[in-house]
Each structure stands twice: as C-alpha cells, then as structure tokens.
Amino acid sequence: MAWSWRYEGTNGASVDGPGESFPSQADAESWIGQAWRELAASGVTSVALVEDDRVEYKMSLLPPAE
C-alpha cells in the first residue's frame, strides 16, 4: 500500500505537484504538514490523500474565510 497526495487548483482541476510516495498515512501527513505552505504558494488550493486508488480524505490549503 502506497500513500500519495493529489493536488488541485482553484477550479478543482488536477495540477502538477511533487510525486512523493509514502509507506504510511502518518508519513504522508507529516510531509504535507511541512510542505503545504510551498504548495499553496505555487497555486495548489486543495489536496487529497490517496492510498493506491482510494481517496482517504481531501483538505483545503486555503486560509479559513473570515
């Protein structure tokens, strides 16, 4: 089982991002915790954590609306 992130832009379309693969969910989540600011600065607005072909969850990289 390999874990990876799928990256999406403002219109929900897939965008290019690092092709990292992780042996565990915890490793993938640790990595996104360190990389999300750089991803957001490059235009990624949301990410989906994927195990093989199954989406575990999606989350926004945008700041919360005030």
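Cut-offs applied
- Residues numbered from 1 in each chain as written.
- Predicted model: local features only at pLDDT ≥ 70, side-chain atom pairs only at ≥ 80, totals over all residues.
- Heavy atoms only, no water.
- Pairing = 2+ DSSP bridges.
- Helix = DSSP H or I, 4+ residues; strand = E, 2+ residues; numbered from the N terminus.
- Phe/Tyr/Trp six-rings, centres within 6.5 Å; stacked < 30°, edge-to-face > 60°.
- Buried < 20%, exposed > 50% of the residue type's maximum accessible area, 1.4 Å probe, protein only.
- Axes fitted to C-alpha atoms, helices over the stretch in contact; angles between N-to-C directions.
- Contact = heavy atoms within 4.5 Å.
- Core = buried A, V, L, I, M, F, W, Y, C linked by side-chain atoms within 4.5 Å.

Engineer: I'm lost on the pairing of strand β3 (residues 54–60) in this one. Help?
Structural biologist: Successive residues of a regular strand alternate their side chains across the two faces of the sheet. Here six bridges tie strand β2 (residues 46–51) to β3, and the two strands are oriented antiparallel to one another. Counterpart to L49 in the pairing with β3 is Y57. Where β2 folds back on β3, the antiparallel hairpin that results is connected by two residues, among which D52 adopts a positive phi of roughly 55°.

Engineer: Help me understand the packing of aromatic side chains, please; the structure alone is not making it clear to me.
Structural biologist: Between two aromatic rings, the relevant description is the distance of the centres plus the angle of the planes. Applying the stated criterion to the full structure yields two aromatic pairs. When the centroid spacing of 6.2 Å and the interplanar angle of 75° are considered together, the rings of W5 and Y57 count as edge-to-face. Linking W5 in strand β1 (residues 3–8) with Y57 in strand β3, this pair joins segments that are 52 residues apart in sequence. Among the residues examined, W5 registers a relative accessible area of 6% and is labelled buried. Consider the rings of F22 and W31, whose centres lie 5.6 Å apart with planes at 45°: the pair is tilted.

Engineer: Explain the sheet that holds β3 to me, please; I cannot follow it from the model alone.
Structural biologist: Backbone-to-backbone hydrogen bonds pair the strands of a sheet. The strands run either parallel or antiparallel. Across the sheet, which stays open at both edges, the three strands sit in the order β1-β2-β3 with antiparallel pairing between neighbours. Of all the strands in the sheet, just β1 and β3 have a single pairing partner and so form its edges. Shown here is a sheet whose adjacent strand axes are inclined to one another by a mean of 25°, direction ignored. Relative to β2, β1 runs antiparallel, the two being bridged by six bridges. When the sheet's bridge partners are listed, W5 is paired in β2 with L49. Running over the sheet, helix α1 (residues 25–41) touches β1, β2 and β3 and is turned about 30° from β1.

Engineer: What am I meant to see in the nonpolar core here?
Structural biologist: Side chains of a nonpolar character, in soluble globular proteins, are inclined to be buried together. Counting residues in each nonpolar core, the largest one holds 13 residues, and the members touching the most others are W5, Y7, W31, L39 and V47. Within the residue set of this core, elements represented by two or more residues are β1, α1 and β2. The leading source of residues in this core is α1, at five residues. Residues within four places of L39 in sequence aside, it is in contact with Y7, P18, W31, I32, V44 and L61.

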